[in-house]
Amino acid sequence: VALLRQRGFRQAIIEAYEYKCAFCGLKINSPDKLLWEVEAAHIVPHSSNGKDDIWNGLALCHFHHWAFDVGWFSLQDDYKILVSPKIDSLPSDYGKMLNFNILGILLNIKSKIFLPQSKEMYPHQNSIRWHRETFFR
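Values in this document were obtained by computation on a predicted structure and should not be read as measured data.

Criteria and thresholds
- Residues numbered from 1 in each chain as written.
- Predicted model: local features only at pLDDT ≥ 70, side-chain atom pairs only at ≥ 80, totals over all residues.
- Heavy atoms only, no water.
- Helix = DSSP H or I, 4+ residues; strand = E, 2+ residues; numbered from the N terminus.
- Rg over C-alpha atoms; globule rule 2.2 N^0.38 Å.
- Contact = heavy atoms within 4.5 Å.
- Areas by Shrake-Rupley, 256 points an atom, 1.4 Å probe, with all protein chains shown as cover.
- Salt bridge = Lys/Arg side-chain N within 4 Å of Asp/Glu carboxyl O.
- Buried < 20%, exposed > 50% of the residue type's maximum accessible area, 1.4 Å probe, protein only.
- Pairing = 2+ DSSP bridges.
- Arc of directions from axis to C-beta.
- Disulfide = S-S within 2.5 Å.

> When you look at the overall build of the protein in this model, what are you seeing that I'm missing?
When helices and strands are counted, the protein shows three helices and six strands. The C-alpha radius of gyration computed for the protein amounts to 15 Å, which stays within 12% of the reference 14 Å derived for 137 residues, consistent with globular compactness. With the C-alpha coordinates aligned to their principal axes, the bounding extent of the protein is approximately 45 × 40 × 25 Å. For the protein, restricting intrachain contacts to residue pairs at least 6 apart in sequence, the fraction spanning at least 24 positions comes to 64%. A total of about 8,300 Å² of accessible surface is found on the protein, and carbon and sulfur atoms cover 57% of it.

See the structure below:
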């Protein structure tokens, strides 16, 4: 039952966000077109009594799912991206892919996340606030 519930949550989230990362917009699937890179991320995790519903989820690529879960970014009530100022204090060789600073680029983002077309599917304010107050560093 739990696996079926998780699969339903995942499918509902990634469809609501049109198979793209709410943070960066990455939209890509496998060469056989069977698997999408985007994941369904819980805003409030199961371990903190988070529910498997559309208002407690975001579609995020693997990297942004991890960064959200560990507190590198969160969301303001208006869905603008809130980035941890601790990124500035990382050693210069952290967060780089080749010569591209993938963590540092977060500091320049002042936009809102990509949201579902229907406002009824937007993340709930209580979930966002909980994440910001609990995980955001």
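Still to come is the rest of the account.
> Can you help me understand the pattern of salt bridges in this one?
A side chain of one charge can pair with a side chain of the opposite charge if their charged atoms are brought near each other. With the rule as written, the count across this model stands at two salt bridges. Ionic pairing is found between Arg129 and Asp77, a salt bridge with its closest N-O pair at 3.8 Å. Within this pair, whereas Arg129 is found in helix α3 (residues 125-134), its partner Asp77 is found in the loop between β3 (73-75) and β4 (81-83), the two being separated by 52 residues in sequence. The partly exposed category is assigned to Asp77, whose relative accessible area is 35%. Taken together, the shared-partner salt bridges in this structure form one network comprising Asp77, Arg129 and Arg132.

> Is there a simple way to explain the pairing of strand β2 (residues 57-60) in this structure?
When a strand is regular, its side chains alternate between the sheet's two faces. What you see with β2 is no split at all: Gly57 and Ala59 on one side and Leu58 and Leu60 on the other are buried throughout. In this structure, strand β1 (residues 39-42) lies alongside β2, joined through four bridges in antiparallel fashion. By the bridge assignment for β2, His42 is matched with Gly57.

> Looking at this structure, I do not really get helix α2 (residues 62-70). What am I missing?
Quick reminder: α-helices carry 3.6 residues per turn. Residues three or four places apart thus point the same way. Within α2, the full set of buried residues consists of His64, His65, Ala67 and Phe68. Projection of α2 onto a plane perpendicular to its axis shows the buried side chains occupying an angular sector of 165°, all on one side. The inward-facing, buried residues of α2 contact β1, β2, β3 and α3. Taken from the residues just after α2, Gly71 is the one with a positive phi, measuring 95°.

> Mind showing me how you'd approach the state of the cysteines here?
What makes a disulfide is a covalent bond joining the sulfur atoms belonging to two cysteines. What the rule picks out here adds up to zero disulfides. With no disulfide partner, Cys61 has as its closest neighbouring cysteine sulfur the one in Cys21, 3.9 Å distant.

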